[in-house]
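Now for the letters of each chain:
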Amino acid sequence: MRLFPAFVAEEAIEYGGMVRVLPPEVAHRIAAGEVIERPASAVKELIENSLDAGASRVEIEIEDGGMAMIRVSDDGSGMSPEDAERAITEHATSKIRTADDLASVVSLGFRGEALHAIGAVSNLTLTTRQRGADHALGTRVRVSAGKTVESATAAHYSGTTVEARNLFFNLPVRRGFLGTVRSESNAVATVVEALALSRPEVGFSLRSDGRRTLALPAAADLRERIARVHGLSLAGSLIALADPVLWGLVSPLSVSFPTRRYLHVAVNGRVVEADSFAPAVGRAYADLLPKGRHPAAFLRLELGPGEVDVNVHPAKSAVRLGGGRSAYPLVVGTIRSALAQERTEGGAAPPEEAGNELTLIGQFAGRCIT
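Description of the structure in this document. Model, not experiment: these values are computed from the prediction. (Residues numbered from 1 in each chain as written. Predicted model: local features only at pLDDT ≥ 70, side-chain atom pairs only at ≥ 80, totals over all residues. Heavy atoms only, no water.)

Examining the overall build of the chain
Scanning the chain from N- to C-terminus turns up 10 helices and 17 strands. Counting only residues that meet the buried cut, the chain has 43% of its 370 residues in that class. Sequence separation of at least 24 residues holds for 65% of the intrachain contacts in the chain that already meet a minimum separation of 6. Carbon and sulfur atoms provide 54% of the accessible area of the chain, an area that totals close to 20000 Å². (Helix = DSSP H or I, 4+ residues; strand = E, 2+ residues; numbered from the N terminus. Buried < 20%, exposed > 50% of the residue type's maximum accessible area, 1.4 Å probe, protein only. Contact = heavy atoms within 4.5 Å. Areas by Shrake-Rupley, 256 points an atom, 1.4 Å probe, with all protein chains shown as cover.)

In structure tokens, the structure reads:
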């Protein structure tokens, strides 16, 4: 007979409520879906890691639009064996150390999610060798559905190669929502082109199903890289922006397009969604282009690290300017000034000045023709 009542059960009983903590493998798959939406998302994350590692050349190869295989190789700094094993774990990064570092992020990656997220939904192999290592062998780490299955030495040059096979093999619902091989391949090519435009000094190559689809050697400047990606005719027609904070190249009034395909924006070297800048670019060309036509604009916004919040979205595709600032007036004003100067240097007066100076060119029926 008990002297005191038992307030705590001595045997474990199953919780009967509706709220439960998800098992780690389920939580990891959900988190991976926020970062890796499609093969192009994985390619973007891996290339950004390569750029952060100081690569001068990045080689990308895909099969079946990236669904069967993605391989990204670089000649960057590489990793030590210890860092290689740690890099595939959750929230592991070399970019930041404390919460205060988020206020001054200068790298493209910093959340420590990419490798772990890709490994959670694929069969991933990381092979790397640290630059300047005193031994000839590197490290190979294999991960399947988030679990490490191998860690061993392996031959590799200085740099890193990440290969992901069977993307979303354990998430059939997500895999079922992917597009055709062609559409996924095109999305990967678009990502590679965008990142290549943000880093002209880095060489890029892309192979799809064994065929080279993109070859971009290191370029001297943005104009040369645009010429390689979009053609010499467009690159040669663009006019430069002179503002030290917002620089880049935009099209003159004589060049326009039916879509916004040629709108590309990078903030502190980070490619961001161009749609947020489209209204400002459109306003700068308002009433200057025919209805339904759009300009080309390759914009570079350079601000101090503490002036930009890059921790807005898991995919790091959006930024927020500090102090509630807006880039809208800067974009409109800088482009307008460049267009006005181009028209003046080209011999044509801006619309607001046209008509102030008339030149007599002849007479007809007693009337002056100007």
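Some remarks on the pairing of strand 7 (residues 203-208)
Judged by how many residues are buried, strand 7 sits mostly within the fold: five of six residues are covered. Examined bridge by bridge, strand 1 (residues 57-63) and strand 7 share six bridges and lie parallel to one another. Across the sheet, residue V58 finds its bridge partner in strand 7, namely F204. Sheet topology places strand 7 next to strand 8 (residues 211-216); five bridges connect them, and they run antiparallel. Bridging from a neighbouring strand, S208 pairs with R211 of strand 8. Two successive antiparallel strands, strand 7 and strand 8, enclose a turn made up of two residues, where D209 displays a positive phi of approximately 55 degrees. (Pairing = 2+ DSSP bridges.)

Some details on the sheet that holds strand 9 (residues 239-242)
Spatially, 9-10-13-11-12 is the arrangement adopted by the five strands of the open sheet, whose pairing is mixed. Whereas interior strands pair on both sides, the edge strands pair on one side only; in this sheet they are strand 9 and strand 12 (270-272). Neighbour-to-neighbour, the strand axes of the sheet open up by a mean angle of 20 degrees, direction not taken into account. Relative to strand 13 (residues 297-301), strand 11 (residues 263-267) runs parallel, the two sharing five bridges. Along strand 13, the bridge assignment pairs L263 with A297. Relative to strand 10 (residues 246-250), helix 7 (residues 222-230) is tilted by about 40 degrees, and along the sheet it contacts strand 9, strand 10 and strand 13. (Axes fitted to C-alpha atoms, helices over the stretch in contact; angles between N-to-C directions.)

Details of the environment of R283
By secondary structure assignment, the location of R283 is in helix 9 (residues 278-284). Sequence separation of R283 and G333 is 50 residues, and the distance between their C-alpha atoms is 9.7 Å. Once you skip the residues sitting within four places of it in the chain, R283 turns out to touch Y328, V332 and R336.

Observations concerning the nonpolar core
Among the nonpolar cores identified, the biggest contains 58 residues, and I47, V58, I60, V192, F204 and F298 are the most heavily contacted of them. At eight residues, the largest contribution of residues to this core is made by helix 6 (residues 181-198). If near-sequence neighbours (up to four positions away) are discounted, I47 is found in contact with V58, I60, V72, V192, L195 and F204. The next biggest cluster of nonpolar side chains, apart from the first, holds 27 residues, and it includes A274, A278, A284 and L303. (Core = buried A, V, L, I, M, F, W, Y, C linked by side-chain atoms within 4.5 Å.)

Let's talk about helix 7
Taken together, the buried positions of helix 7 are L222, R225, I226, V229 and H230. Taken end-on, helix 7 shows its buried residues confined to a sector of 105 degrees, consistent with a single buried face. Between the side-chain oxygen at the start of helix 7 and the backbone nitrogen of R223 there is a gap of 3.4 Å, and the oxygen is on D221. Positive phi shows up at G231, right after helix 7, with a value of about 105 degrees. (Arc of directions from axis to C-beta. Polar contact = N/O pair within 3.5 Å; in protein donor to acceptor, adjacent residues only side chain to side chain.)

What about the sheet that holds strand 3 (residues 123-129)?
Reading across the sheet, the eight strands line up as 5-4-3-6-2-1-7-8 and stay open at both edges, with mixed pairing between neighbours. Two strands close off the open sheet at either side, each with one partner strand: strand 5 (147-155) and strand 8. When the angles between neighbouring strand axes are averaged without regard to direction, this sheet yields 10 degrees. Relative to the sheet, helix 2 (residues 39-52) contacts strand 1, strand 2 (69-74), strand 6 (159-165) and strand 7, its axis offset from that of strand 2 by approximately 10 degrees.

Side note on the packing of helix 6 against helix 7
At their nearest, the axes of helix 6 and helix 7 sit 9 Å apart, and the two run at 160 degrees to each other. On the basis of the axis angle, helix 6 is roughly antiparallel to helix 7. Along this stretch, helix 6 crosses helix 7, giving a crossing that reads as right-handed. For the pair helix 6 and helix 7, contact is made by E193, A196 and L197 and by L222, R225, I226, V229 and H230, respectively. When its residues are assigned to classes, the contact of helix 6 with helix 7 shows five nonpolar, one polar and two charged. (Parallel < 35°, antiparallel > 145°, perpendicular 65-115°, else oblique. Left-handed = near helix turned anticlockwise from the far one by under 90°. Nonpolar A, V, L, I, M, F, W, Y, C, P; charged D, E, K, R; others polar.)

Focus on unusual backbone geometry
Of note in the backbone geometry, N166 takes a positive phi value of approximately 55 degrees without being a glycine. Under the relative-accessibility criterion, N166 is labelled partly exposed at 37%. Although it is not a glycine, D209 sits at a positive phi angle of roughly 55 degrees. Turning to its location among the elements, D209 is positioned in the loop between strand 7 and strand 8.

A closer look at the environment of D74
Topologically, D74 is positioned in strand 2. A polar side-chain atom of D74 sits 2.8 Å from the main-chain amide nitrogen of G76.

Any functional reading would require information beyond the geometric quantities listed.
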